[in-house]
Every structure is written in structure tokens, then in C-alpha cells.
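Observations on the model geometry
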Amino acid sequence: MDPFGLKVIFIAFLVFVPLERLLALHPEQKIFRRNWANDGLFLLFNGILIKLGLLAVIATIIFVAARIVPESFQAAVGGLPYWVQIPAVIVLSDLGFYWTHRMFHAVPWLWRFHAVHHSIEELDWLAGTRVHPIDQILTKGVSLVPVVALGFSEWAIGVYALLYQWQSIFIHANVRVRFGPLRFLLASPEFHHWHHSSDREARDRNFAAQLPFLDALFGTLHMPKGQMPTSYGLDRPMPQHYVRQLLYPFTGDRIFQSKPDTEALAETSQVPAPK
Ligand SMILES: [Zn+2]
Ligand SMILES: [Zn+2]
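Everything in this summary refers to the structure shown in the same document. (Residues numbered from 1 in each chain as written. Chains lettered and ligands numbered in written order. Predicted model: local features only at pLDDT ≥ 70, side-chain atom pairs only at ≥ 80, totals over all residues. Heavy atoms only, no water.)

**Things to note about the coordination of the zinc ion (ligand 1)**
- All of the protein donors around the zinc ion (ligand 1) are His101 (NE2), His105 (NE2), His114 (NE2), His118 (NE2) and His195 (NE2); their distances to the metal are 2.0 to 2.2 Å.
- Read from N- to C-terminus, the donor residues coordinating the zinc ion (ligand 1) fall into the pattern H-x3-H-x8-H-x3-H-x76-H. Taken together, the residues span a long stretch of sequence, with histidine 101 in helix α4 (residues 82–106) and histidine 195 in helix α8 (residues 189–196) at a distance of 94 residues. Across the pair, histidine 195 and histidine 101 agree in class, each one buried. (Donors = N, O, S within 2.8 Å, 3.2 Å for Na, K, Ca; no water. Helix = DSSP H or I, 4+ residues; strand = E, 2+ residues; numbered from the N terminus. Buried < 20%, exposed > 50% of the residue type's maximum accessible area, 1.4 Å probe, protein only.)

Next up, the structure:
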């Protein structure tokens, strides 16, 4: 039993900390960068909340799909060879991820949840853990709907989940690794760092989790050749505190403030998605 996923955290620490020293994209960034401890709390407590939420979502999908999708169809899909199932699961899930992620940017009340992830100002292997649990449960849950409902095998979905977990750590890491021509096929740190960039022209770009060609297909790809972003984060920083960030979608900055900042209240009550 490892409910907090401590083994993965420990292995990721051992792999990525030396890698970030050897191949640093931003060499001035420290291992224990700003708000590292806050993201450590996300790492410890978010995982278990997300697992519970996703279990409930998957149980619901199975329950509903059993009434809609013929059992023979599910059995046929689950019986396909793994070299067909695994790529199909990756493409279908990433399509679901792409559109849910894009909605989280476009719809103001959803953006309030997703802004927590975009509040990171220094990216590293740990940064991907800073995600509001409701954001993560909905985004991952929607991405799993087609593959669970259509009957893809647990094994194929498990391989996808493992790839997703490690790739999420990798694409946030502070490493200058470029994929050359493969950069349009597989998400890289280059691809996802632009998603977090505070540059205007990078806003609302690079929504896919694993397959950048989906962004090319839907007109949202941004990977200028030979360039990397220099700064990350929101125009208006949010409180860098675990509990405040969990409450942020519901309260904005309102609670914990002794003197309300009227300008901040006006802004957080709308929290426009960045354009
Ligand atoms: Zn985003
Ligand atoms: Zn990210």
C-alpha cells in the first residue's frame, strides 16, 4: 500500500533533480525554488483526493456505459491487439484532455480552478502537481470517458496512465530537451513550457497533454523555433498557500484578508480567462 505514491515521488526526485542540474533550462533556478514546500503539500495530499474522485468517475462511466454500449462491442474492443489499443487509448484520451483543458481556459468559472495550475512561476519536475483536485478530476475523468465506455482493456488504460504520470513530470521539468522533428508528435518540456508562458502570444496555446499535433490540427500550437519562454505565471499572482489555493475558485482572495483590496475583489470576481 502506498496511498501517497511516495515511491514514485522518490524515484522522480532521484531522476529529475540531477537531470535538472545537468540540462537546466533556467540554470539560475534553485532545486528548492520559491513555493517548493507548497507544491510538496499538493504532491502529498492531492494525489489521494484525485484518486478517490477518479474512482467515483470511472465507476459512473462503467455503470452508464453498461446500459448504452453493447457488451459484444466492448468485448471486441477489449480483444484488439495491444499495439492497436495503446495508441488508440492515447489519441482518444488526449482528444478529451485537449477539449476539457481548452474549456477550463475559456469558461471564466472553470478558469478559476485551472488558474491554480497556472500560478506557478518557476517550472520544475514538481510543478505539475500543483493542480486543483476538481480541475484534475474533471479533466482526467472526461479524457477517460471514451476509453472506459468503449471497453478498452484495463491493461491498455494502465499503460496510458503510467505514461501520462511520468510525462506530466517530464514536461514541467526545468530541462532544455528538444525533440527535433518529433516535437509535433510528442509533448516535450518545450511544448508545455510555452503553455505556462506569461508572453501574450503564448496565451491559450498548447492544450494537449501528450500529442502536440492536436494543437496543430485545432489551430492552437505555439512553439517558435529556437526560442523558449523566459517567464511564467499569471498577470495577477494568487496567494502561494495550499489551503488558500484550494479555496481560491470559491473565494478568490476574499478570505484571510484583513483589509479587502477592492481592486482585487473586482478582478477576482470576474477572473477573465487570458486571451
Ligand atoms: Zn492550462
Ligand atoms: Zn502544466
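On we go from here.
**Here we look at the packing of α4 against helix α5 (residues 108–118)**
- Contact geometry for α4 and α5: axes closest at 6 Å, N-to-C directions at 105°. It follows that α4 is roughly perpendicular to α5 by the angle criterion. Across the interface between the two elements, His101, Met103, Phe104, His105 and Ala106 of α4 pack against Pro108, Leu110, Trp111, Phe113, His114 and His118 of α5.
- Here the contact of α4 with α5 is built from residues that sort into 7 nonpolar, 4 polar and no charged. (Axes fitted to C-alpha atoms, helices over the stretch in contact; angles between N-to-C directions. Parallel < 35°, antiparallel > 145°, perpendicular 65-115°, else oblique. Contact = heavy atoms within 4.5 Å. Nonpolar A, V, L, I, M, F, W, Y, C, P; charged D, E, K, R; others polar.)

**A word on the packing of helix α7 (residues 154–172) against α8**
- Where α7 meets α8, the closest approach of the two axes is 7 Å, and the angle between their N-to-C directions is 70°. As judged from the angle between their axes, α7 and α8 are roughly perpendicular. The way α7 lies across α8 gives a crossing that is right-handed. Across the interface between the two elements, Phe170, Ile171 and His172 from α7 touch Pro189, His192, His193 and His196 from α8.
- Classifying every residue of the contact of α7 with α8 by side-chain character gives 3 nonpolar, 4 polar and no charged. (Left-handed = near helix turned anticlockwise from the far one by under 90°.)

**Notes on unusual backbone geometry**
- One non-glycine residue, asparagine 35, lies in the positive phi region at around 65°.
- If you trace the backbone, asparagine 35 turns up in the loop between α1 (6–22) and α2 (36–68).
- Look at asparagine 35 and you get partly exposed, because its relative accessible area is 26%.
- Even without being glycine, aspartate 204 reaches a positive phi, approximately 55°.
- Along the chain, aspartate 204 turns up in the loop between α8 and α9 (212–218).
- What makes aspartate 204 buried here is its relative accessible area of 15%.

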